[in-house]
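So the chains spell out like this:
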Amino acid sequence: MSVVAKYRQVFLTGIQTSLVYRWNFAIRATFSLLHLVYIFILWGAAYAGQSEIGGFPLAATLTYFVVLLILQFFLSAANDDYEISEEIRNGLINQFLTKPVNYFAYRLSLYFSARLVTGVLSLVPFLCILPFLGPKLTLPAGEHLALYAVAAPALLLSAFIQFTIAYCFGMLTFWFLEIQSFIILSLAVEAVLGGQIFPLDLMPPWLYQLSSWLPYYYQMYFPTALLTGRITDLSVALQGLAIQAGWALALFALARFLWTRGLRRHTAVGG
Amino acid sequence: MDLLRHLRIWLASIRYSLVRAMMFRGDFIMWALVELFWMSVNVLLVGVIYDHTDSIAGWSKYEMLLLVGTTLLVQRLLMAFFWSNLFELGRNVRSGTFDFFLAQPGWPLFMVSTRKFDLDGLVNVPVALAIVVYSAHQLQLDPSAAQIAVYAGLVLCGLVLHYATLLAIISMVFWLQSAKGIEGGYFGLTEFSRLPREALRGVARVVFVYALPVVVVSNVPARLLIHGFEPGLIAWLAGATLFWLAVAVAVFNAGLRRYASASS
């Protein structure tokens with residue numbers, strides 16, 4: 001079996017597995033609309049009496065949050081860290097040690113399949129409320145086309161970074177019995193420094209500059225800012241893409257390092 | 001008598017959980033930090049927004065902080081006493097471990113809700129209280145002893161309301177394949193408790209202020225400290241607490257009747 005066929009099979013199996021939980025995904029996506037309503041009310045009230053906050057009108061800020069929420073469903077490594085941890089703890093990874101299967105590639109295939117199902121299902125409630133949502137949103141004009149071209153690889157790299165961070169957290173199971181607290185702490189850091197709580201450009205400039213050198217910036221904020229016109233300078237976008245690629249490589253190297261070191265500590269028992 | 005026996009069981013569970021937390025001290029510290037960080041995120045959001053505006057729906061920065069602090073206080077209490085228990089209910093129904101609770105000599109809902117106690121949630125209660133006290137100080141409020149006592153009672157109502165919301169949502173697991181992700185509904189709904197009531201208009205006001213108690217749960221105690229006694233609002237929150245607790249228990253009982261165990 002060729003390498004591509006092997007992981008394609010994993011991908012297809014992953015889609016079937018994810019579809020079993022389709023109602024859960026649909027419910028989660030519907031619940032996320034509540035978050036959107038909250039965002040609209042909060043920022044609507046904050047904008048009352050002023051046309052701009054941080055140089056952006058209300059419509060631009062609302063668009064930022066809508067796009068971010070949709071991207072979260074397509075990109076966020078929601079459960080992968082936990083699943084990897086369980087596979088290590090329960091000894092399920094033992095099977096990969098004796099087979100010609102690369103565990104990173106296997107999990108990455110599953111990540112893409114789960115995100116595809118979650119992402120597509122999340123679009124259903126969004127499409128349902130589009131007639132209401134549409135007039136409140138705004139997207140950048142035609143001259144923004146070059147930045148959309150940067151956004152395409154940025155989205156792929158963002159997915160890779162999201163997954164690799166989750167993978168690295170999963171690897172911690174080789175050293176720690178319980179990693180859930182690490183994951184939730186990391187989620188909180190991601191939520192702030194990834195721009196999920198507020199657009200990062202609303203922070204003081206020095207803090208914004210600092211955050212742009214961290215990987216969290218490239219998980220969600222960077223692609224969302226490119227798509228919604230919060231980053232308009234092409235040179236800034238290209239520099240961001242280069243830093244993002246650097247982080248993707250660094251995190252991949254860290255993932256490999258943790259896997260190799262972790263396996264040295266791992267003991268496969270039972271028959 | 002039966003109530004006393006259940007109370008003794010709860011105290012025994014709390015004692016067991018405390019011993020367990022002290023056995024895994026590193027884990028306890030880590031979770032306490034996690035909760036502290038999430039609380040800071042909420043405070044940070046208030047800080048960032050008020051860097052760019054003076055008022056949200058007529059609420060000043062410290063009024064808003066008092067509102068957020070009240071919400072955090074209620075949530076920390078929920079995390080300490082009930083969160084883990086109800087979160088695991090979803091997993092247990094799917095795996096069949098729920099049978100274990102049914103076999104115990106006590107009311108199933110009570111046994112499910114009180115098995116664990118999370119000290120990490122409780123240690124952050126003083127932090128949430130500190131946010132409330134700091135905001136009140138910045139607003140130069142001087143609440144009377146009666147105001148403070150009623151505020152405590154309203155926070156307790158808030159805890160019951162949050163419990164009821166979470167229970168009703170997690171009980172959906174009796175009808176679904178798994179509980180994966182459905183607890184998100186709780187977070188989705190309780191986000192509204194960090195909003196001033198005046199910020200909601202039209203349909204949102206009807207749904208989240210009048211139909212669901214997600215806004216009044218925090219607004220009523222916060223307003224009590226800021227504006228003094230408003231008997232109508234207090235009665236509203238107390239009534240909503242009783243009503244929604246009854247609804248949640250009914251949903252749980254309906255789910256219980258549907259439960260047919262799971263194979264191993």
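Everything numeric here is computed off the predicted structure, so don't read it as measured data.

A. Geometry of the overall build of chain A. On a plain count of helices and strands, chain A comes out with twelve helices and zero strands. Seen in sequence order, chain A has helices and strands lined up from the N terminus as α-α-α-α-α-α-α-α-α-α-α-α. Its C-alpha radius of gyration of 20 Å places chain A within 12% of the 18 Å reference for a compact globule of 271 residues. Taking the principal axes of its C-alpha atoms as reference, chain A extends roughly 70 × 40 × 35 Å. Split into buried and exposed, the 271 residues of chain A put 52% on the buried side. Sequence separation of at least 24 residues holds for 80% of the intrachain contacts in chain A that already meet a minimum separation of 6. Total accessible area on chain A is roughly 12200 Å²; 69% of this is exposed by carbon and sulfur atoms. Side chains of chain A carry 14 positive and 11 negative charges; the gap between the two charge centres is 12 Å.

B. Fine view of the overall build of chain B. When its secondary structure is counted, chain B shows twelve helices and zero strands. A compact globule built from 264 residues should have a C-alpha radius of gyration of about 18 Å, and chain B, at 19 Å, falls within 12% of that. Structurally, chain B occupies a C-alpha span of about 60 × 45 × 40 Å along its principal axes. Looking at chain B residue by residue over its 264 residues, the buried ones come to 51%.

C. Looking closely at the interface of chain A and chain B. Between chain A and chain B, the residue contacts involve 35 residues of the former and 39 residues of the latter. Overall, the association of chain A and chain B removes approximately 3400 Å² of surface from exposure, summing both partners, and the carbon and sulfur fraction of that is 76%. Counting the contacts that link chain A with chain B gives zero salt bridges. Where chain A meets chain B, there are five residue pairs in polar contact (both at pLDDT 80 or more). Elements that contribute at least two residues to the side of chain A that touches chain B include exactly helix H2 (22-47) and helix H9 (180-193) of chain A. The element that contributes the greatest number of residues to the side of chain A that touches chain B is H2 of chain A, accounting for 14 residues. For the side of chain A that touches chain B, the residue count by class is 25 nonpolar, seven polar and three charged.

D. Region of the structure containing the pattern of salt bridges. As enumerated under the stated definition, the model contains eleven salt bridges over all chains in all. In this structure, the salt-bridge partner of Arg-230 of chain A is Asp-201 of chain A, at a minimum N-O distance of 2.9 Å. One end of the pair, Arg-230 of chain A, is in the loop between helix H11 (215-228) and helix H12 (234-265); the other, Asp-201 of chain A, is in the loop between H9 and helix H10 (205-211), with 29 residues separating them in the sequence. There is no split in this pair, since Arg-230 of chain A and Asp-201 of chain A are both buried. Salt-bridge contacts for Glu-198 of chain B lead to Arg-223 of chain B; the nearest nitrogen and oxygen are separated by 2.9 Å.

E. Here's a closer look at H12 of chain A. Residues and elements named next belong to chain A. Helix length check: H12 (32 residues) gives 46 Å between terminal C-alpha atoms against 46 Å at 1.5 Å per residue, within 8%. Among the residues making up H12, those that are buried are Ala-237, Gly-240, Leu-241, Ile-243, Gln-244, Ala-248, Leu-251, Ala-255, Leu-258, Trp-259 and Gly-262. Elements that come into contact with the buried residues of H12 comprise helix H5 (94-97), helix H6 (103-128), helix H8 (145-171) and H11.

F. Highlighting the packing of helix H4 (residues 80-89) of chain A against H6 of chain A. Residue and element names in this part refer to chain A. One can describe the packing of H4 onto H6 by two numbers: an axis separation of 11 Å at closest approach and a directional angle of 140 degrees. As judged from the angle between their axes, H4 and H6 are oblique. Classified by chirality, the crossing of H6 by H4 is right-handed. For the pair H4 and H6, contact is made by Asp-80, Glu-83, Ile-84 and Glu-87 and by Tyr-103, Tyr-106, Arg-107, Tyr-111 and Arg-115, respectively.

G. Up close: the packing of aromatic side chains. Across all of its chains, the model carries 48 aromatic pairs over all chains by this definition. Their ring planes at 75 degrees and their centres at 5.5 Å tell us that Phe-100 of chain B and Phe-101 of chain B sit as a pair that is edge-to-face. Phe-101 of chain B gets classed as buried once you look at its relative accessible area, which sits at 6%. In this structure, Arg-230 of chain A is placed above the aromatic ring of Phe-56 of chain A, and the distance from its NZ or CZ to the ring centre is 4.0 Å. In this structure, Arg-91 of chain B is placed above the aromatic ring of Phe-87 of chain B, and the distance from its NZ or CZ to the ring centre is 4.2 Å.

H. Seen up close, the nonpolar core. Membership of the largest hydrophobic core comes to 160 residues, with the highest contact counts inside it found for Trp-43 of chain A together with Phe-192 of chain B. Broken down by element, the residue count for this core peaks at 16 residues, all from helix H3 (residues 61-95) of chain B. Setting aside anything within four residues of it in sequence, one finds Trp-43 of chain A in contact with Leu-58, Thr-61, Leu-62, Phe-65, Phe-198, Pro-199 and Leu-202 of chain A together with Leu-45 and Ile-49 of chain B.

Reading the values: rules and limits
The numbering scheme is per chain: residues are counted from 1 as the chain's sequence reads. Following the order in which they are written, the chains are lettered starting with A and the ligands numbered starting with 1. Given that this is a predicted model, residues contribute local features only at a pLDDT of at least 70 and side-chain atom pairs are listed and counted only at 80 or more, while totals for whole chains, interfaces and linings are drawn from all residues. Water and hydrogen atoms play no part in the side-chain values, which are based on all heavy atoms of the structure. Think of it this way: any DSSP run of H or I at least four residues long counts as a helix, any run of E at least two long counts as a strand, and we number them from the N terminus. Atoms counted for the radius of gyration: C-alpha only. Globule rule: 2.2 Å times the number of residues to the power 0.38. To sort residues, take the accessible area from a 1.4 Å probe on protein chains only and compare it with the maximum for the residue type: under 20% means buried, over 50% means exposed, and anything in between is partly exposed. Contacts are assigned to residue pairs with any non-hydrogen atoms lying within 4.5 Å of each other. Per-residue and other accessible areas follow the Shrake-Rupley method at a 1.4 Å probe size, with only the shown protein chains counted as cover for residues. When charges are counted, Lys and Arg are positive and Asp and Glu negative, with His and the chain ends excluded. Where a charge sits is defined by one atom per residue type, namely NZ (Lys), CZ (Arg), CG (Asp) or CD (Glu). Joining two parts hides part of their accessible area as seen by a 1.4 Å probe, and the buried area is that hidden amount summed over both. Salt-bridge detection follows one rule: a side-chain nitrogen of Lys or Arg within 4 Å of a carboxyl oxygen of Asp or Glu. In protein, a polar contact requires one atom able to donate a hydrogen and another able to accept it; more generally it is a pair of N or O atoms within 3.5 Å, and residues adjacent in sequence count only if both atoms are side-chain atoms. When residues are sorted by character, Ala, Val, Leu, Ile, Met, Phe, Trp, Tyr, Cys and Pro go into the nonpolar class, Asp, Glu, Lys and Arg into the charged class, and all the rest, Gly among them, into the polar class. What a helix is expected to span follows from its residue count: subtract one and scale by 1.5 Å. Helix axes are fitted to C-alpha atoms over the stretch in contact, other axes to C-alpha atoms as well, and angles between N-to-C directions run from 0 to 180 degrees. Here the angle decides the label: under 35 degrees means roughly parallel, over 145 means roughly antiparallel, 65 to 115 means roughly perpendicular, and every other value means oblique. Crossing handedness is read from the near helix: turned anticlockwise from the far helix by less than a right angle, it gives a left-handed crossing, and turned clockwise, a right-handed one. Only Phe, Tyr and Trp rings take part, Trp by its six-membered ring, and two of them pair if their centres are within 6.5 Å. Stacked means planes under 30 degrees apart, edge-to-face means over 60, and tilted covers everything else. Cation placement over rings: the criterion is NZ of Lys or CZ of Arg within 6 Å of the ring centroid and within 35° of the ring normal. The term nonpolar core refers to a set of buried residues drawn from Ala, Val, Leu, Ile, Met, Phe, Trp, Tyr and Cys, joined through side-chain atoms within 4.5 Å.

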